[in-house]
Amino acid sequence: MAEKITRLKSLLTCSVCTEIFTDPVSLSCHHSFCYRCLQDFWAQAKNKNCPVCKRKNSKDVVVNFSLMELADSYAGRQRSAPSEEAQVVCNEHLKDIKWFCKEEQRAVCHVCEFPHHQGHTLVPLEEQVQELKQQLRHDLRALQARRSRHQELEETYEAMVPHLKKQRVKTERRIGAEFEQLHRFLSEEEEARVKALREEEEQKRKRILLERKTLQEQIRSLSEGLSAVEADLQKDGLSFLSASTRSRTSARALLSGSDPQLLPGALLDEAKHLGNLAHRVWEKMGQRTTFSPVTLDPNTVSDCLSLSDDLTSVRVSDVIQEVPNNPERFTWYAEVLGSEGFSSGEHCWEVEVGDLPIWRIGVANESVGRRGERTASPANGIWCLFHRSGKYAQGTGKTLTLKRTPERIRVQLDYDGGEVSFYDPEDMTLIYTYQHTFTDSIFPYFGIGAAGLARTKDVRVCGDSSRTKPCK
């Protein structure tokens, strides 16, 4: 009998404190310890390994109710039943609140409530507190990150307001300059046409005055002849006979010329000056302006690039541009898109690259990545011709061999046919063709590197005076 009691005591003894269990808990390795002993051991060891087998505990500490009842019975300890007024925290045994019930999600008094949570998952209160704090810290970091994103966005909007004004002032100035040129052209054209009208009037006025002067001299001669004939007709006899021969000769001499006629074209040619006036002025204006098939979009250009005022060329800037971090803008690479996208049809444009050492010319999806690192390849929605220091390649890195070094590149997009082709426009030699089934809107794409010692500093979309020039 004594041997059985000794055996039972050894089973109910904590291997850490060597005393009968108090609030025994079991680990995943099935070894049991007093809750406080286990916590003190872990705090000293700075890990959560089992004090006996040294295995790492992988689960929550579980209260061993059966072992607790045996230990309390053996030690003569009694636990009171919970009162009807039992709350989340037991006021009577406040200092002994050490456990948390996972099922009921509340703290549990191990004196008055413990026996009534058999089958529940009970974990040390401090462990639950640390777990909840860890969750709350995670939420705190998420809230801080979200607030930072909101603050960044608010700062971006704040920066957009003065930038909007700068855009408006710059664009307004450019519009004013363009219309000033148009007004100057129209004013000069008006002056030239009014001058031509007045010169024609002066020429025809002088011609009419000359004709009038000739007619006046002829009228005077005729009047004198008439007077002489009328005077001779008043004579009689021999006097008339002697004068009639002279008078008839003079009269017939005056009648020998043809009758006078009004000169044709004496009046102003109003039709010449007014006919299709607006259209002719428009045609002449078109001869003095250029049409660019592609206009670059300032809202997409990287802050290390600068665009020309007419938005047809781009170069590496000497200084970083102060521009908002709007979602359309390229922020990782020195790139810019055209302002107009295509979702059908055939389109073409030429780009002057000169001797610029680094450039990428082609097309890109509207959804192309603009923020992070990526390659300019079809896999990333870019179909381009790449040039670096005299060597040419396509987007997957395949080297291309050209017979000559073109200073212009012609880009042809056949959206419906699923092709993007690059040509040397000098002789329309094909450089390379991509084939792809396009589903997104496609935009002209430009990437550029520093000019260095090259004479060419930018890439420029070549203008064309004719809007109807065929692509092929």
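Description of the structure in this document. Given the structure is predicted, the values throughout are model-derived calculations rather than measurements.

### So, the packing of aromatic side chains
Moving on, step 1. The tally for this structure, following the rule as stated, stands at six aromatic pairs.
Moving on, step 2. Following the ring pairs from residue to residue traces out a cluster consisting of Trp383, Tyr415 and Phe438.
Moving on, step 3. The ring of phenylalanine 330 is capped by arginine 370, whose NZ or CZ atom sits 5.4 Å from the centre of that ring.

### With respect to the pattern of salt bridges
Moving on, step 1. All told, the structure shown has 16 salt bridges when counted by the stated rule.
Moving on, step 2. Here arginine 193 makes a salt bridge to glutamate 189, at a shortest N to O gap of 2.8 Å. Taken together, the residues arginine 193 and glutamate 189, both in helix α4 (residues 125-233) and four residues apart, mark about one turn of the helix.
Moving on, step 3. One network of salt bridges, with partners in common, ties together Glu189, Arg193 and Lys284.

### Remarks on the nonpolar core
Moving on, step 1. Counting residues in hydrophobic clusters, the biggest one holds 36 residues, and the most contacted among them are Trp349, Trp359, Val420, Phe422, Phe446 and Val459.
Moving on, step 2. With residues up to four places along the chain from it excluded, the contact list for tryptophan 349 reads Pro293, Val294, Phe342, Gly362, Val363, Ile409, Arg410, Val411, Pro444 and Phe446.
Moving on, step 3. Core analysis: the second largest hydrophobic core is formed by 23 residues, Tyr35, Val63, Leu67 and Cys101 among them.

### So, unusual backbone geometry
Moving on, step 1. A positive phi angle is found at lysine 46, which is not glycine, with a value near 60 degrees.
Moving on, step 2. Note on placement: lysine 46 falls in the loop between α2 (35-45) and β3 (62-63).

### So, the side chain of serine 317
Moving on, step 1. With respect to the secondary-structure elements, serine 317 resides in the loop between β8 (313-316) and β9 (335-337).
Moving on, step 2. A polar contact of 2.6 Å, which involves the side chain of serine 317, links it to the backbone oxygen of valine 319.
Moving on, step 3. Sequence-distant contacts of serine 317, defined by excluding residues within four places in its chain, comprise Cys304, Leu305 and Ser306.

### Considerations on the pairing of β8
Moving on, step 1. Relative to β8, strand β7 (residues 305-307) runs antiparallel, the two sharing three bridges. Paired with serine 306 across the two strands is arginine 315, which belongs to β8.
Moving on, step 2. From the end of β7 to the start of β8, which pair antiparallel, there are five residues, and leucine 311 there has a positive phi angle of about 60 degrees.
Moving on, step 3. In this sheet, strand β19 (residues 458-461) lies alongside β8 in antiparallel orientation, the contact comprising three bridges. Bridge assignment links serine 313 to a residue of β19, and that residue is arginine 460.

### Structural notes on the sheet that holds β8
Moving on, step 1. Here we have seven strands laid out as an open sheet, ordered β7-β8-β19-β10-β15-β16-β17, and antiparallel in their pairing. At either margin of the open sheet sits one strand with a lone partner, and together these are β7 and β17 (429-435). Strand-to-strand twist across the sheet, computed as the mean angle between neighbouring axes with direction ignored, equals 20 degrees.
Moving on, step 2. In this structure, strand β16 (residues 419-424) lies alongside β17, joined through six bridges in antiparallel fashion. Among the inter-strand pairings, valine 420 is bridged to a residue of β17, identified as tyrosine 434.

### Digging into a negative patch on the surface
Moving on, step 1. Together, Glu152, Glu154, Glu155 and Glu158 line one region of the surface with negative charge.
Moving on, step 2. Tracing the backbone shows glutamate 152 in helix α4.

### As for the packing of α4 against helix α5 (residues 237-255)
Moving on, step 1. Running from amino to carboxyl end, α4 crosses α5 at an angle of 160 degrees, the nearest separation of the two axes being 9 Å. Viewed along their axes, α4 and α5 adopt a mutual orientation that is roughly antiparallel. As for how α4 packs across α5, the hand of that crossing is left-handed. Residue-level inspection shows Ser221, Leu222, Gly225, Ala228, Val229, Asp232 and Leu233 of α4 in contact with α5, the latter providing Phe240, Ala243, Arg246, Ser247, Ala251 and Leu254.
Moving on, step 2. Grouping the amino acids of the contact of α4 with α5 by side-chain chemistry returns eight nonpolar, three polar and two charged.

### Focus on the environment of isoleucine 409
Moving on, step 1. In this fold, isoleucine 409 is placed in strand β15 (residues 408-414).
Moving on, step 2. Its relative accessible area of 0% is what places isoleucine 409 among the buried residues.
Moving on, step 3. Once the C-alpha coordinates of isoleucine 409 and isoleucine 361 are considered, the two residues, 48 residues apart in sequence, prove to be 8.1 Å apart.
Moving on, step 4. Not counting chain neighbours up to four residues away, the residues in contact with isoleucine 409 comprise Trp349, Glu350, Val351, Val353, Trp359, Leu385, Phe422, Tyr423, Pro425 and Ile431.

Conventions adopted
Residues numbered from 1 in each chain as written. Predicted model: local features only at pLDDT ≥ 70, side-chain atom pairs only at ≥ 80, totals over all residues. Heavy atoms only, no water. Phe/Tyr/Trp six-rings, centres within 6.5 Å; stacked < 30°, edge-to-face > 60°. Lys NZ or Arg CZ within 6 Å of the ring centre and 35° of its normal. Salt bridge = Lys/Arg side-chain N within 4 Å of Asp/Glu carboxyl O. Helix = DSSP H or I, 4+ residues; strand = E, 2+ residues; numbered from the N terminus. Core = buried A, V, L, I, M, F, W, Y, C linked by side-chain atoms within 4.5 Å. Buried < 20%, exposed > 50% of the residue type's maximum accessible area, 1.4 Å probe, protein only. Contact = heavy atoms within 4.5 Å. Polar contact = N/O pair within 3.5 Å; in protein donor to acceptor, adjacent residues only side chain to side chain. Pairing = 2+ DSSP bridges. Axes fitted to C-alpha atoms, helices over the stretch in contact; angles between N-to-C directions. Patch = residues over 30% accessible without salt bridge, like charges linked within 9 Å, V, L, I, M, F, W, Y side chains within 5 Å. Areas by Shrake-Rupley, 256 points an atom, 1.4 Å probe, with all protein chains shown as cover. Lys, Arg positive; Asp, Glu negative; His and termini not counted. Charge placed at Lys NZ, Arg CZ, Asp CG, Glu CD. Parallel < 35°, antiparallel > 145°, perpendicular 65-115°, else oblique. Left-handed = near helix turned anticlockwise from the far one by under 90°. Nonpolar A, V, L, I, M, F, W, Y, C, P; charged D, E, K, R; others polar.

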